[in-house]
Amino acid sequence: MGHHSRRDSVAGNPPSSSSAAFSPSDHHHNSHGYDLSWPLSKLENLDREDIRETAYEVFFTACRSSPGFGGKNALTFYSSDHADGGAGGLGTVAARANGVGMAPTSRMKRALGLKALKRSPTRRSLSGGVGCSGGGGSNPSSPSTVHGSGSPRFGFTVPAARTRRPLTSAEIMRQQMRVTEQSDNRLRKTLMRSLVGQMGRRAEIIILPLELLRHLKPSEFNDAHEYHLWQKRQIKILEAGLIDHPSIPLEKSNTFVMRLREIIRASESKPIDTGKNSETMRALCNSVVSLSWRTPNGAPAEVCHWADGFPLNLHLYLALLQSIFDIKEETMVLDEVDELLELMKKTWSTLGITKQFHNLCFTWVLFYQYVSTGQTESDLLCAAFAMLADVGNDAKRPDRDPNYLKFLSSVLASMQSWSEKRLLNYHEYFNKGIVGLMENLLPLALSATKILDEDVSATVLAEQEREEPTMDVDHAGNRVDYYIRSSTRNAFTKMIEQGNFSSMNVLDEEEATEALLQIAKETEDLAVKEKETFSPILKRWHPIAAGVASVTLHQCYGALLKQYLAGVSTLTSDTIGVLQRAGKLEKILVQMVVEDSVDCEDGGKAIVREMVPYEVDSVIYHLLQKWIQERLETVKECLDRAKENETWNPKSKTDPYAQSGVELMKLAKDTVDDFFGIPIGISDDLVQNLAERLEAIFQDYTTFVASCGTKQSYVPQLPPLTRCNRDSKFIKLWKRATPTCSVPIEGISQSATNEGHHPRPSTSRGTQRLYIRLNTLHYLLSHLHSLDKILSLSTRIVPSSTRNQLRSSSRRQLGTSSAYFDLARLSIQTAAQHVSEVAAYRLIFLDSNSVFYDCLYVDDVANARIRPALRLLKQNLTLMGAILTDRAQALAIKEVMKASFEAYLMVLLAGGSCRVFCRSDHEMIEEDFDSLKRVFATCGEGLIAEDVVEREAETVEGVVALMGQNTEQLMEDFSILACEASGIGVVGAGQKLPMPPTTGRWNRADPNTILRVLCYRNDRAANLFLKRTFQLAKRR
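Residues numbered from 1 in each chain as written. Predicted model: local features only at pLDDT ≥ 70, side-chain atom pairs only at ≥ 80, totals over all residues. Heavy atoms only, no water.

**Re the overall build of the protein**
Scanning the protein for helices and strands turns up 38 helices and 6 strands. Relative to its full complement of 1036 residues, the protein shows a buried share of 51%. Taken as a whole, the protein presents about 47,300 Å² of accessible surface, with 51% of it coming from carbon and sulfur. (Helix = DSSP H or I, 4+ residues; strand = E, 2+ residues; numbered from the N terminus. Buried < 20%, exposed > 50% of the residue type's maximum accessible area, 1.4 Å probe, protein only. Areas by Shrake-Rupley, 256 points an atom, 1.4 Å probe, with all protein chains shown as cover.)

As C-alpha cells, this is what we get:
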C-alpha cells in the first residue's frame, strides 16, 4: 500500500487506491467478508457510489458558505514537513493569524489516543512537469473561472519551479470522498446558479436533488448515458428519502406518492425532460415539494424532509464519517479530523442527525475501520472503546428516539457478535505473538454487552435478529467466565480433531486406550499454556481465570473418558491404566484450581465443586449399569418375540401356560441370580433400579396378555322395542301343525334350534386360548413372589444412603411380593379380571349362543326350557376346570356365572320378536333360573360361595318377579317410576309419559326394565297401553 497522507497536492482528481471506498449498501450482511454484520438495512436501487456521491453533495451544500466551499476565504492545510520554511510554512502562519488555520495535532486524536500521520517530504511534490487538470491553481471557490458550462477541460504543464499549494478542506473532502473534479465543478456551478443571492439560505430548506435536476442540463455531461445515470441517481435518492424511508409516515393513498412513482418508472428507460416548460418536471417539483414539506400535525414546516428518514440519513452520514480515514493509509485518521467533523456537523439539520446519532455512528466507523483493515491498528479499537463511553451515557437518556434505539441495538449487537466470536475462541484467534490484542477487544465486548443488557429495552432487542444470539451463561453477568469456558472447550475439541481422536467410538479397545493416554498429556500441556499465556490478561476481569480453564479441561476430559468407558464391557488392565492417568491429570488440574483460588472468599470451594471426580467406584457403577441394560435387553427381546409369535397354545399338558411367559420369567430369574453373583457389593439403588426395570417389562407383557378385546364385543345388539301382536290360539295351533311352512325367526337356523335340544361341548379354540392367557397371568403372579424374596433377602446388598437403607429394611420385614413388584402385581390382577370377563362372555354369547340366547324360550316357554343349555354349560365348565389352573378357576367361573345371568336377562328383556311371555310363564321361568343358579353353587369344591351366587342373582330374580305381576300393576309401577326418573312428577291431562332411556343396568325399579316386560307381555291391555302411550310398532 502506498503512503500518501499529505494534503499538499494540487486540487486534482483523487489519487487511486487499492482499497475500496466506504460502501454502506454493499455491506448489508457481511462487511468486507470479515463476518461483521452491517447494522443498517440495505437501500434498494442505491449502490455505494450513489450513497457516497449524494453524501458529498449534501455535505458541500451544507458547507457552501464556509471558506473553501464558495465562501470568501479558504481553509488551507500545510504539511508539517514544511512548516519551518517555504510557502507552506508562511501560509500556515498566515492562516493561524486569520483564525482559520489548523493545529498540527488534532485535539480529538489526542483524546482518543490516535497516532499522527506519518509524513514524507518527497511525496506529492509539485516540482517537475506534473500533469494536472485545469483549474488546479485557481481559487477553488470560483469554479466558473476554470471553464464555462459544458466546455471541455484542457491540461497544462506546471512549471518546475512552482511552489506547493496546500489543500483546502473542500479539496480534502473531495479527495477523501473520491469525487471527480468535473462532478465537483458541476455541483459548485449549480449551487451558484440556483442560490444566486441566497447564500444565507439554510441548507435544511433546500431539496438538493430537485435543485440539481432543475439546473443541470445534459450538455454539461460527457454524454447522454452519463447524464441519464446521474439523473436516475438523483431520482432514486428522492424515492428513498420521500417514499421508501420517509421521516414522517406516508398514507397509502397519497396522490403525490403515486405521481412520483410514475415519474420514477418513466425515468428508468430514458431521461425525463427537466426543461422549464416540461409537464413532467412540474409534476416532479410539485410532488417532491409537497412530500418534503409535510409535518406530522399539519403545522407549517421549518425544514424540508427529504434526506432525514431512517436509515437513509445514517447511510449518508456514515459515508461522510468514513472520509476521516486516509485513503492511502487506511488505518490512520486524518490530522484534520477536528475541522472536518465540525464541517460535517452542518449536515445534521438536513440529515436529522443528533449528537447521540453522531456518537454512535462515529463509534461504528472506528470499529468498522479496525475490522475492515485486517485488525492491524489497535488504536482504532481503543478509540472505538473510548467512544462507547459517550454512547453508554447517551443510551441512558430518557428522551431516546425509537430509531436511535433500533440503530443502537443493531450496532452494539454487531460489535458484540464479532468480538465474541473471537473471544469465545481466543486460543485460535490470539496466538502467543498477538495475545495483547485480546486485552483491547475484551473491554469493548463487555462494554457493548453492558449497554445492550442495561439500556436497550427487551422489545427493541426482540426486533433485532442478531447473527449470534446472546448466550445463556452459567454465571449470571460474568461473560468472561463464559469466554474462558467456551474457548477452552474449543481448544480441547481442536486438539482432539488434530489427533484423529474424534472417532473414539470406532477405535478398538487398545487404540482407544492409547488415545486416552495421549490426550491426557496434551490436556496437561494446554492447561499449562492457559495459565502462562492467557490467564494473566483475563485475571483483570476474572479472579480465577486459570481455575475456570482447569475446571473446563477437567470436564472435557471427563466427557471423553466417559465415552471411552461406554465401550468397555469389563474391567481390564488397559482400562485401569487409563483411569490411573486420568487420576494424575485430575490432581494437576485440581492443584491449579486451588492455587488460583487462594484469594477467593470461599477458598475456591465453589469452583472445585464443579469438578466431578474420576472415581473408580463410579466407573464400576457405570459398568454394572451397562450390564443390567444388556441383560434387560435380552428379556425385552423375549417380550418382543412374544408379541410377534405367541399363539397362546399351552407349553404342555402339565404346563398349561404360554411358552413366552415361561421363557420371560426364566430370563428374569437368571438375571437376578447373575446380578447377585457379581463379586462386589451391590448398592440398594442398583437393586431398586433393576427391580423397577424388570417390573416395567412385566407390566408391558401383562398388557400384551390382556389385549384380547372386550366383553361388549360379544354381547348382541338390543333389538328395537315393539309391542306384542300375537295370533289367536287357533292360528297358533295351526302354525305348529304345519312346521314345513314356517320360516326361521330372526335368522336362527334350524340346525341351531335342533342343537339346543341335543347340546354338545361348544367351547371354541379361541375361548380355550383365553384360558391359557389366564393361566399365564397367574403363573407370572406366583413367580413374582419368588423373585421378590431373592431381592429382599439377599445379603449382598449395601445400602447406598440412609433413606435407601430404611427402605431396604422395611422391605425385608414385609417379605411379600408387594415390596418390589407391587405395581406389576396390581396390573396382573387387573388383567386377570379382564381376561376372565372376556372369556366368560365369549363362552356364553358366542360358544353357547345356539342353545342359550338364540334358543331359550323361542316361540314358547314351555317347549324351549333351559335344560339343554344347562347340560351344555356343565360340559363347558368341566372343560374349563380341566384347562385352568387351580388359582385361576374361581375367578373364571364367577365371571361365567355373571355372563350367564346377563344372557338370561337379555332373553327376558331383549329377546327380539321371536319371544313372547305370558304371566302364567312366571313359574317355569323362575324354576329355570333356580336351576341355573344351582349349576354355579355346586360347581367344583366350593369355588363360588352360595352367598356370592345369591348376591349376583338378586337382579335377575327381581326381573323374574316382575314377570309374575299383573299387567295393570306393571303399567302403574311404570308410570310412577318413569315420571320420577324424568323429574316431571305427575302426568297431567294431555301429557304423555316420557320414554325412559335404555341404560342396560336392568333391575325391577328401572322404568326401562318394566317397559321391556310390558313389550314382551302377551296381553291385550299391555298392547293397548304401549300403542296409546308410545305408538310402538307391531311385531312382524
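**Notes on the packing of aromatic side chains**
If you walk through the whole model with that rule in mind, you get 28 aromatic pairs. Aromatic pair Phe 357 and Tyr 404: ring centres 5.5 Å apart, planes at 90°, arrangement edge-to-face. Taken as a pair, Phe 357 in helix H13 (residues 355-372) and Tyr 404 in helix H15 (residues 402-423) lie far apart in primary sequence, 47 residues in all. Its relative accessible area of 2% is what places Tyr 404 among the buried residues. Three or more aromatic residues link up through ring pairs in this structure, and these residues are Tyr 857, Phe 901, Tyr 904, Phe 917, Phe 929, Phe 936 and Tyr 1016. In this structure, Arg 915 packs its charged tip against the face of Tyr 853, placed 5.3 Å from the ring centre. (Phe/Tyr/Trp six-rings, centres within 6.5 Å; stacked < 30°, edge-to-face > 60°. Lys NZ or Arg CZ within 6 Å of the ring centre and 35° of its normal.)

**What to know about helix H7 (residues 224-244)**
If you check H7, its first and last C-alpha atoms are 28 Å apart, about what 21 residues at 1.5 Å a residue would give, namely 30 Å. Burial within H7 is extensive, with 15 of its 21 residues counted as buried. The N-capping residue of H7, defined by a side-chain oxygen 3.2 Å from the backbone nitrogen of His 225, is Asp 223. (Expected span 1.5 Å × (residues − 1). Polar contact = N/O pair within 3.5 Å; in protein donor to acceptor, adjacent residues only side chain to side chain.)

**A word on a negative patch on the surface**
Among the surface-exposed residues, Asp 508, Glu 509, Glu 510, Glu 511, Glu 514 and Asp 574 lie close enough to one another that they form a single negatively charged patch. Among the elements that take part in the negative patch, helix H20 (residues 509-538) stands out by supplying 4 residues, more than any other. Looking at the element boundaries, Glu 510 is found in helix H20. The exposure class assigned to Glu 510 is exposed, which follows from its relative accessible area of 52%. (Patch = residues over 30% accessible without salt bridge, like charges linked within 9 Å, V, L, I, M, F, W, Y side chains within 5 Å. Salt bridge = Lys/Arg side-chain N within 4 Å of Asp/Glu carboxyl O. Lys, Arg positive; Asp, Glu negative; His and termini not counted. Charge placed at Lys NZ, Arg CZ, Asp CG, Glu CD.)

**Observations concerning the state of the cysteines**
Under the counting rule described, the total for this entry stands at 0 disulfides. The thiol of Cys 855 is not disulfide-bonded; the next cysteine sulfur, from Cys 914, is found 9.6 Å away. For Cys 855, a relative accessible area of 10% translates into the label buried. Looking at Cys 918, it has no disulfide partner, and the nearest cysteine sulfur is the one in Cys 724, 7.8 Å off. (Disulfide = S-S within 2.5 Å.)

**As for the packing of helix H32 (residues 867-883) against helix H33 (residues 886-909)**
Angle between the axes and distance between the axes: these two values describe a pair of packed helices. One way to put it is that H32 packs onto H33 with a least axis distance of 11 Å and a crossing angle of 160°. Judged on the interaxial angle alone, H33 and H32 are roughly antiparallel. Note on packing geometry: the crossing formed by H32 with H33 is right-handed. Where H32 approaches H33, its residues Leu 873, Leu 877, Met 880 and Gly 881 are matched on the opposing element by Gln 889, Ala 892, Ile 893, Val 896 and Ser 900. Looking at the contact of H32 with H33, its residues break down into 6 nonpolar, 3 polar and no charged. (Axes fitted to C-alpha atoms, helices over the stretch in contact; angles between N-to-C directions. Parallel < 35°, antiparallel > 145°, perpendicular 65-115°, else oblique. Left-handed = near helix turned anticlockwise from the far one by under 90°. Contact = heavy atoms within 4.5 Å. Nonpolar A, V, L, I, M, F, W, Y, C, P; charged D, E, K, R; others polar.)

**Re the nonpolar core**
Counting residues in each nonpolar core, the largest one holds 159 residues, and the members touching the most others are Met 344, Trp 364, Phe 367 and Phe 407. Those residues in contact with Trp 364 that lie beyond four places of it in its chain are Leu 36, Ser 37, Trp 38, Pro 39, Leu 318, Val 411, Ser 414 and Met 415. Counting residues in hydrophobic clusters, the runner-up holds 122 residues, among them Leu 632, Tyr 657, Val 705 and Ile 844. (Core = buried A, V, L, I, M, F, W, Y, C linked by side-chain atoms within 4.5 Å.)

**Describing the side chain of Arg 186**
Structurally, the position occupied by Arg 186 is in helix H5 (residues 181-194). By relative accessible area, Arg 186 is classed as buried at 7%. For Arg 186, the residues in contact, after removing those within four places along its chain, are Leu 216, Glu 220, Phe 221 and Glu 226.

**Side note on the packing of helix H26 (residues 684-705) against helix H29 (residues 765-793)**
One can describe the packing of H26 onto H29 by two numbers: an axis separation of 11 Å at closest approach and a directional angle of 175°. Our classification of the angle between H26 and H29 gives roughly antiparallel. Every residue of H29 that contacts H26 at Val 687, Ala 691, Phe 698, Tyr 701, Thr 702, Phe 704 and Val 705 is listed here: Arg 773, Thr 776, Leu 777, Leu 780, Leu 784, Leu 787 and Leu 791. Among the residues forming the contact of H26 with H29, the class breakdown is 11 nonpolar, 2 polar and 1 charged.

**Thoughts on the confidence of the model for the protein**
Confidence in the prediction for the protein averages 79 pLDDT; 78% of positions are at 70 or higher. For the protein, the element scoring lowest by mean pLDDT is helix H2 (residues 86-97), at 32; helix H10 (residues 312-321) scores highest, at 95. Between residues 1-29, whose pLDDT stays under 50, and residues either more than four places distant or in other chains, the model counts 111 contacts. In this model, residues 737-758 is a region of pLDDT below 50 whose contacts with residues beyond four sequence positions or in other chains number 20 contacts. (pLDDT = per-residue confidence, 0-100.)

**Regarding the pattern of salt bridges**
Applying the stated criterion to the full structure yields 39 salt bridges. A salt bridge links Lys 421 to Asp 35; the nearest nitrogen and oxygen atoms lie 2.6 Å apart. Of the two residues, Lys 421 is situated in helix H15 and Asp 35 in the segment before helix H1 (48-62); the sequence distance between them amounts to 386 residues.

**Quick word on the environment of Val 303**
The residue Val 303 is located in the loop between helix H9 (279-292) and H10 in this model. Taking C-alpha positions, Val 303 is 10.0 Å from Gly 352, a pair spaced 49 residues apart along the chain.

**Looking at a positive patch on the surface**
Judged by side-chain charge, Arg 107, Arg 110, Lys 345 and Lys 355 come together as a positively charged surface patch. For Arg 107, a relative accessible area of 57% corresponds to the exposed category.

**Brief notes about unusual backbone geometry**
A negative phi holds for most residues other than glycine; trans holds for most peptide bonds. Between Phe 310 and the following residue, Pro 311, the backbone shows a cis peptide bond with an omega angle of 5°. Along the chain, Pro 311 falls in the loop between H9 and H10. Even without a glycine there, the phi angle at Asn 45 is positive, about 70°. Structurally, Asn 45 can be placed in the segment before H1. When its relative accessible area of 52% is taken as the criterion, Asn 45 is described as exposed. For Arg 178, which is not a glycine, the phi torsion comes out positive at approximately 60°.

**Structural notes on the environment of Arg 915**
On the secondary structure map, Arg 915 appears in the loop between H33 and helix H34 (922-937). Distance in space between the C-alpha atoms of Arg 915 and Asn 1018 is 9.8 Å, their sequence separation being 103 residues. A distance of 2.6 Å separates a polar atom in the side chain of Arg 915 from the backbone oxygen of Leu 856.

**Section: the side chain of Thr 449**
Among the secondary structure elements, Thr 449 is positioned in helix H17 (residues 436-455). A polar side-chain atom of Thr 449 sits 2.8 Å from the main-chain carbonyl oxygen of Ala 445. Thr 449 has contacts with Gln 416, Glu 420 and Arg 479, leaving out every residue within four places of it along the chain.

**What to know about helix H37 (residues 1007-1015)**
Summarising burial for H37: 9 of the 9 residues are buried, a large majority. When we look at burial in H37, the residues that qualify are Pro 1007, Asn 1008, Thr 1009, Ile 1010, Leu 1011, Arg 1012, Val 1013, Leu 1014 and Cys 1015. Of the surrounding elements, those touching the buried residues of H37 are H33, helix H35 (946-963), helix H36 (967-982) and helix H38 (1020-1030).

**Things to note about the environment of Tyr 614**
Mapping Tyr 614 onto the fold places it in the loop between helix H23 (605-608) and helix H24 (616-645). What makes Tyr 614 buried here is its relative accessible area of 14%. Measuring from C-alpha to C-alpha, the distance between Tyr 614 and Gln 580 comes to 9.4 Å, with 34 residues separating the pair along the chain. Contacts of Tyr 614, omitting those with residues within four sequence positions, involve His 554, Tyr 557, Gly 558, Leu 561, Ala 582 and Glu 586.

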